[in-house]
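Residue-level listing of the chains:
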Number of protein chains: 2
Amino acid sequence: MVRTGSPSAPAAGPTLAVVAREAGVSVPTASKVVNGREDVAPETRRRVTEALDRLGYVRRPRFDAARAPRLIDVVVHSLDSSWSGAVLRGVEQAAYDAGLDIVVSAGLARARPGRPERGWLDKLTLRGSAGVLFNLAELTEAQYAWLEQHRIPFVMIDPVREVPPDVVSVGAANWQGGVTATEHLLALGHRRVAVVAGPRRAPCGAARIAGYRSALTSAGIGYHPEYVLHAGFDEAEARRRTHELLDLPEPPTAVFACSDRMALGVYAALAERGLRVPDDISVVGFDDLPEARWAAPPLTTVRQPLAEMAATALRLLVRLMDGDPPESTRTELSTRLVERNSTAPPRG
Amino acid sequence: MVRTGSPSAPAAGPTLAVVAREAGVSVPTASKVVNGREDVAPETRRRVTEALDRLGYVRRPRFDAARAPRLIDVVVHSLDSSWSGAVLRGVEQAAYDAGLDIVVSAGLARARPGRPERGWLDKLTLRGSAGVLFNLAELTEAQYAWLEQHRIPFVMIDPVREVPPDVVSVGAANWQGGVTATEHLLALGHRRVAVVAGPRRAPCGAARIAGYRSALTSAGIGYHPEYVLHAGFDEAEARRRTHELLDLPEPPTAVFACSDRMALGVYAALAERGLRVPDDISVVGFDDLPEARWAAPPLTTVRQPLAEMAATALRLLVRLMDGDPPESTRTELSTRLVERNSTAPPRG
């Protein structure tokens, strides 16, 4: 016989009244024990629990609207990136601390233009979702309107497009991160520093490039647009862009990649040219995902505190749910340089 | 004003009757549109939607027991390992296909001996959880009893301890994987092959070691227990065990690590001794996580189909929920060798 094999079989066993009589308590008291309430004396609880077990009382789970934890939806693009892993870890812990449960879906990745996106929004409403966290998302005007119309509070973690000014979002201090990465390379003596940047419209990437420019300006070094190439956030496109940089008349001696995954793409292109990191060219990443540690050589990178960003987003969402909106719609957590082995002074 | 900033404000706007009159339809028809039902003519839906928007009708989410997706709980040890990422991806897609939502928690990691584990089991019952998937879990007898008592169906993905015979579980063909890894090393000419194995009581590890022994026997090579060392599944302990192997009078020329993370620990120990992979010593892992590709050199490993295992577990859980238990309580998906650059014939 398979355990829990017939969950739809009719409930067997005694009623709660029988259990209460067996334990020598009132039915309401027995009910309290069954429902896990705290206001029962330990000895009474023990007697009731023993009676429940002895008589084989079957407690079936049933949705308890008054006492069930509120459900937060967490909507991500992918579930098996280390980026998402860090975000989920942060959200889950903060949700646990707040007594909430999280429903996780990769719903955004399934949204299609035209035939929408409505599927998971409908689900939110049927479930009575208490709020939504969007990770690395890009919402359409229709989606924003739907959320507003249904009065579902939401917070965006590192949105990939500009968000309307009244939308609450959490990200990293991307501008400062761009400054930090660039200053590190300039301090080593590099003057031809390139950026393999994220998509042109991603606000996090734009801020990092602005930081890069600012660091150049502070050091009295001119900005050369041919050193700034846009790619997706993935390895393959970063690899191609790196080849373009290496084909320039004056190729860079250092590359700032706007994500660790892109830095791995830079590594791949350099290996294809027989160039060594950091002897021939220096590379700095952004994120500090586990792959930065495992890369060969281990990658110097700008750490953004993803789990903390996610936990912060959840706490802001709880404030919105409680009708206590934050004063600031945008929260940025600080970034810092993690020095490993992918940077060195330029050759010669 | 912060968007969705005051979700607890009283509902404003017109009643559904006003909307229906505005759109020239009956109230039940307007209600169908509001509730996303399909059985409404497109033109009618358009008229109602326009009226809803024009009048600013506020549709609030409310738990709809009859139509809300059923909730499955997915309980994991950690959320930010690539192992968990692959499992979550598989579960989420299969749940989506089955019209279910998943509540994700790292509840097991928080279970404490003595004061338990009851917290999240209580939550399952309050929410009326339709079923539970446990990933890499070890349940106590009390937890098994609780699940049975509440008739909550559950399936275990790669349990870390033996499970009772009536519990449904999904794993990889670990024995065959152990055979495959060992045969690969033997075919290269290795005769002194060591195993850095998982915890002694983990069934997946025991099956892999049995496969290793079987491959040795088939090749007419004696089994030497000093070549089989147990560790956790993490890097640090595998690193220490590797040093013990290297201190043997006749150290191995090849190591089969029972997880990719452990193989990285083996790499670290070898680097500390100035030994190169695969020139000085060959290494085979198990899992085929992303870090196997990123490792230097890229790791030859036994691939287990984690996302497929997870999707299979979800489908089995749905069968249990539907009162249609599977004939077999144990399902194993096949493993295969992924050859990369960490193995070579032994020196000399």
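Residues numbered from 1 in each chain as written. Chains lettered and ligands numbered in written order. Predicted model: local features only at pLDDT ≥ 70, side-chain atom pairs only at ≥ 80, totals over all residues. Heavy atoms only, no water.

Thoughts on the packing of helix α10 (residues 235-246) of chain B against helix α11 (residues 260-272) of chain B
Residues and elements named next belong to chain B. One can describe the packing of α10 onto α11 by two numbers: an axis separation of 7 Å at closest approach and a directional angle of 50°. Taken together, the axes of α10 and α11 lie oblique to each other. The handedness of the crossing between α10 and α11 comes out as right-handed. Side by side, α10 and α11 meet where E235, A238, R239, T242, H243 and L246 of the first sit next to R261, M262, L264, G265, V266, A268, A269, L270 and E272 of the second. Partitioned by chemical class, the residues of the contact of α10 with α11 number eight nonpolar, three polar and four charged. (Axes fitted to C-alpha atoms, helices over the stretch in contact; angles between N-to-C directions. Helix = DSSP H or I, 4+ residues; strand = E, 2+ residues; numbered from the N terminus. Parallel < 35°, antiparallel > 145°, perpendicular 65-115°, else oblique. Left-handed = near helix turned anticlockwise from the far one by under 90°. Contact = heavy atoms within 4.5 Å. Nonpolar A, V, L, I, M, F, W, Y, C, P; charged D, E, K, R; others polar.)

Focus on the confidence of the model for chain A
Counting all residues, the mean pLDDT for chain A is 87, and 89% of those residues have values of 70 or more. Ignoring residues within four places in sequence, the model shows residues 1-12 of chain A, a span with pLDDT below 50, making 37 contacts including any to other chains. (pLDDT = per-residue confidence, 0-100.)

Let's talk about the side chain of A:H230
Residue and element names in this part refer to chain A. Positionally, H230 belongs in strand β7 (residues 228-230). A polar side-chain atom of H230 sits 2.8 Å from the main-chain carbonyl oxygen of G198. The residues touching H230, leaving out its near neighbours within four places in the chain, are A197, G198, P199, R200, I209, E237 and R241. (Polar contact = N/O pair within 3.5 Å; in protein donor to acceptor, adjacent residues only side chain to side chain.)

A few points about the environment of A:A23
Along the chain, the position of A:A23 falls in helix α1 (residues 16-23). Once residues lying within four places of it in the same chain are set aside, the contact partners of A:A23 are A:R47, A:V48 and A:A51.

Re the sheet that holds strand β2 (residues 101-105) of chain A
Pairing is mixed across the open sheet formed by 12 strands, whose spatial order is β11(A)-β5(A)-β4(A)-β3(A)-β1(A)-β2(A)-β2(B)-β1(B)-β3(B)-β4(B)-β5(B)-β11(B). Because the sheet does not close on itself, it has two edges, and the strands there are β11 (330-333) of chain A together with β11 (330-333) of chain B. Averaged over all adjacent pairs, the angle separating strand axes in this sheet is 25°, with direction ignored. Across four bridges, the pairing between strand β1 (residues 71-75) of chain A and strand β3 (residues 131-135) of chain A is parallel. In the strand pairing of β3(A), A:V75 is matched with A:F134. (Pairing = 2+ DSSP bridges.)

So, the pattern of salt bridges
This structure, assessed with the given rule, holds 42 salt bridges over all chains. A:R89 serves as the salt-bridge partner of B:D80, at 2.4 Å between the closest nitrogen and oxygen. A residue pair is termed interchain when its members come from two chains, as with B:D80 in the loop between β1 (71-75) and α4 (82-97) and A:R89 in helix α4 (residues 82-97). Overall, A:R89 belongs to the partly exposed group, its relative accessible area being 39%. As a salt-bridge pair, A:R276 and A:D280 come within 3.6 Å of each other at their nearest N and O atoms. Salt bridges sharing common partners tie together A:E43, A:R46 and A:E50. (Salt bridge = Lys/Arg side-chain N within 4 Å of Asp/Glu carboxyl O. Buried < 20%, exposed > 50% of the residue type's maximum accessible area, 1.4 Å probe, protein only.)

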